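What follows is the residue order along each chain.
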Amino acid sequence: MQISQNLVWLIALPLFSSVLLLLAGKRANSWGHLLATTVSASTFVIGVVEFFAMQSRAEEDRAVVQRLFTWISVGSFNVDASLLLDQLSICFVLLITGVGTLIHIYSISYMSHDLDRRRFFAYLNLFIAAMLLLVLGDSYLNLYVGWEGVGLASYLLIGFWNQKPAYATAAKKAFVANRVGDVGLSLAIMIAFATFGDVTFSGIKEQTEAASTAQLTAIGLMLLLAACGKSAQFPLQSWLGDAMAGPTPVSALIHAATMVTAGVYLITRASFIFDEAPIAQLMVIIVGGVTLLFGAIIGMAKDDIKKALAASTMSQIGYMILATGLGPIGYAFAIMHLLTHGFFKASMFLGAVMMLFLFILMLVGVDSSDSLEENIPGLRPVSIVAAISVSGLLVSLIGRATFGRPIYGLSAANAEGNAFGIAEQLFTKYVFAFEVVSALLITAALGAMVLGHSQKSKSKNSQRDLSIARFRKASLKDASGLPSAGVYALHNAVDVPALLPNGQAAPTSISSVLQARGDMIESATFEMKKNEEEEK
């Protein structure tokens, strides 16, 4: 196996940046976000370099390792702190660092009005470092360290605005639910050590055939429990919706692109165990199938746009988990969907919030069509591309163009025992299409509300128009309260603060938007009366 000296920098750079930003305190407020973003981009560059270096080697020599030091040495039991970069982990490295860097860039503007922006970026870098350790560790113990680090970073990011009790409670709920899953991973490592006397991936793989089916099933079920906790799968799915209390970039990075996919990575990495444990493999399929339907149903009942996307994420991860239970071809489908999901779901989270702010703009009388074209010109095409991606439309069209028909029919694939066909149909034909139609109906309903409000606004008398005009003018002068700062931020749609003054989070549901609108109109009336008194 090839030796590399670069892997440690993938973890060391963001970890060092995180520690530096936390220790530097307010002195780093002016440049902390730039350092964090540069470090994240640097890890992506290192990942790209390693990817092309891997491509240049023969298939059997593509995996590389880096031994750092001896971590545990007790008798004949030795565990090194070492890193492994192979075809599976490079996919995650590029996803984590690539999407992570884009979200860092987005966060520079999104968090620009937050006094604790430096601390936010320190937590982001800590999460990147922990997630990279999770996918690069060459043993279950090394993976476990990254696994716990990801849990800590997610707790800090979800509860970033912990001045609101509800947000602090959401962070604790996510932390506790993940700890339940962590117990499963701990037990899996213990059983593996008792069975094989080893905890490295290669050591366990070499001895798999010597173990009994019962032992492998026990390990597989414990790994599945761990995956359920981290990936919000049934029955440990309840924390994901509440985790939307964190800033939207957190939702895009952790709850769409990276952390929630750690369970898929864990099962895929342990494929040699599940392939020899049919009962555990069947349970993986059942959990994935139940969750994908459960998440889709939950998403339909939500009026909070971030929670609806969280439920969709839960459903999509269910597809991936189900695919990993279908055997070798299923692993390929799971990782393919995981990579595409990381991009389109992150874009949907970030774009949905911008769309909601534009919706608020219309409610308070600002022409959002101009704002959309001038300030966010790429929102429409990006949203369309994301919708096409989540629907699996391109995969279906490619199958028809290549073979003159869908790649497989579900009934035919089932009759032939063809796992490839079953997976393809599940991914491209049924629930995906239903989710997209639901999203279009929601969008149409919002559009109808905005259009109706726009028509109603045209019939208002001039006094109301004067009220709104004065309110806009006052909002640009006064940034001390929720309505004023809110309209100021919305007027500059690209530069939206993540946390409005007075500890109020940016609204993410229709009901909260309408409540904010009522507050704004009340404030506008007050400002109008105040100005009239001053003129007198």
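Up top is the structure.
Bear in mind the structure is a predicted one, so any value in this text is a computation, not a measurement.

**Student:** Tell me about the pattern of salt bridges, and name the residues and values.
**Tutor:** Oppositely charged side chains are able to pair whenever their charged atoms sit close together. Throughout the structure, instances matching the rule amount to six salt bridges. The salt bridge involving R179 is made with E148; its shortest N-O contact spans 3.5 Å. Residue R179 is found in helix α6 (residues 165–196), and its partner E148 is found in helix α5 (residues 140–158); the two are separated by 31 residues along the sequence. Here E148 falls in the partly exposed class, since its relative accessible area comes to 24%.

**Student:** Quick rundown of helix α1 (residues 7–24)? Include the residues and the values.
**Tutor:** When the terminal C-alpha atoms of α1 are compared, their 27 Å separation across 18 residues agrees well with the 26 Å that a helix rising 1.5 Å per residue should span. Within α1, the full set of buried residues consists of L7, L10, I11, P14, S17, S18, L21 and A24. As for α1, its buried residues are in contact with α2 (32–55), β2 (64–74), β3 (77–85), α3 (87–110) and α4 (117–136). Just beyond α1, the residue with positive phi is G25, at close to 65°.

**Student:** An account of the packing of α5 against helix α11 (residues 262–269) is needed here, citing residue identities and associated values.
**Tutor:** The geometry of α5 relative to α11 is characterised by a closest axis approach of 13 Å and an angle of 175° between their N-to-C directions. With respect to α11, the element α5 is oriented roughly antiparallel. Packed against α5, whose contacting residues are Y140, L143 and W147, the element α11 presents A262, G263, Y265 and L266 at the interface.

**Student:** Give a detailed account of the environment of T324, specifying residues and quantitative values.
**Tutor:** Following the sequence through the fold, T324 ends up in helix α14 (residues 305–324). Accessibility expressed as a relative area gives 1% for T324, which makes it buried. Along the primary structure T324 and Y265 are separated by 59 residues, whereas in three dimensions their C-alpha atoms are 9.5 Å apart. The contact partners of T324, leaving out residues within four places of it in the chain, are V264, I267, T268, V284, G330, Y331 and A334. Of the polar contacts made by the side chain of T324, one reaches the backbone oxygen of I321; its length is 2.5 Å.

**Student:** Go over the packing of aromatic side chains, please, and point to the residues and values.
**Tutor:** Inspection of the entire model under this criterion finds 11 aromatic pairs. Between F51 and F52, the ring centres sit 5.4 Å apart and the planes meet at 75°, which makes this aromatic pair edge-to-face. You can call F51 partly exposed: its relative accessible area is 27%. With centroids separated by 5.0 Å and ring planes inclined at 75°, the aromatic side chains of F92 and Y265 adopt a geometry described as edge-to-face. In this pair, F92 sits in helix α3 while Y265 sits in helix α11, placing the two residues 173 residues apart along the sequence. The same class applies to F92 as to Y265, namely buried.

**Student:** Please provide a residue-by-residue account of the packing of α2 against α3, values included.
**Tutor:** Working note: a packed helix pair is described by the angle between its axes plus the distance between those axes. Contact geometry for α2 and α3: axes closest at 9 Å, N-to-C directions at 155°. One element, α2, and the other, α3, form an angle in the roughly antiparallel class. Between α2 and α3 the crossing geometry is left-handed. In terms of residue class, the contact of α2 with α3 is made up of 12 nonpolar, 11 polar and one charged.

**Student:** Let's hear about the pairing of β2: which residues, and what values?
**Tutor:** Bridge count for strand β1 (residues 2–3) against β2 is two bridges, and the pairing is parallel. Looking at the pairing, Q2 lines up with V64 of β2. Strand direction decides the pairing type here: β2 and β3, joined by nine bridges, are antiparallel. Counterpart to F69 in the pairing with β3 is A81.

**Student:** Account for the environment of I128, naming residues and giving values.
**Tutor:** Structurally, I128 is set in helix α4. A relative accessible area of 1% means that I128 is categorised as buried. For the pair I128 and L13, spaced 115 residues apart in the sequence, the C-alpha separation amounts to 9.8 Å. Excluding anything up to four places from it in sequence, I128 contacts P14, I96, G100, H104 and L253.

**Student:** Could you give an account of the nonpolar core, with specific residues and numbers?
**Tutor:** The biggest cluster of nonpolar side chains holds 119 residues, and the ones touching the most others in it are F127, V135, L136, Y140, L223, W239 and I273. At 16 residues, α4 tops the list of elements feeding residues into this core. For V135, the contacting residues outside a window of four places in its chain are L84, S89, F92, V93, I96, Y265 and R269.

**Student:** Hey, could you go over the environment of L221 for me, with residue numbers and the actual values?
**Tutor:** By the element assignment, L221 lies in helix α8 (residues 213–230). For the pair formed by L221 and Q281, sequence separation is 60 residues and the distance between their alpha carbons is 8.6 Å. With sequence-adjacent residues up to four places away left out, L221 is seen in contact with A280 and M283.

Definitions and cut-offs
Residues numbered from 1 in each chain as written. Predicted model: local features only at pLDDT ≥ 70, side-chain atom pairs only at ≥ 80, totals over all residues. Heavy atoms only, no water. Salt bridge = Lys/Arg side-chain N within 4 Å of Asp/Glu carboxyl O. Helix = DSSP H or I, 4+ residues; strand = E, 2+ residues; numbered from the N terminus. Buried < 20%, exposed > 50% of the residue type's maximum accessible area, 1.4 Å probe, protein only. Expected span 1.5 Å × (residues − 1). Contact = heavy atoms within 4.5 Å. Axes fitted to C-alpha atoms, helices over the stretch in contact; angles between N-to-C directions. Parallel < 35°, antiparallel > 145°, perpendicular 65-115°, else oblique. Polar contact = N/O pair within 3.5 Å; in protein donor to acceptor, adjacent residues only side chain to side chain. Phe/Tyr/Trp six-rings, centres within 6.5 Å; stacked < 30°, edge-to-face > 60°. Left-handed = near helix turned anticlockwise from the far one by under 90°. Nonpolar A, V, L, I, M, F, W, Y, C, P; charged D, E, K, R; others polar. Pairing = 2+ DSSP bridges. Core = buried A, V, L, I, M, F, W, Y, C linked by side-chain atoms within 4.5 Å.

The quantities given are spatial measurements derived from coordinates; they are silent on function.
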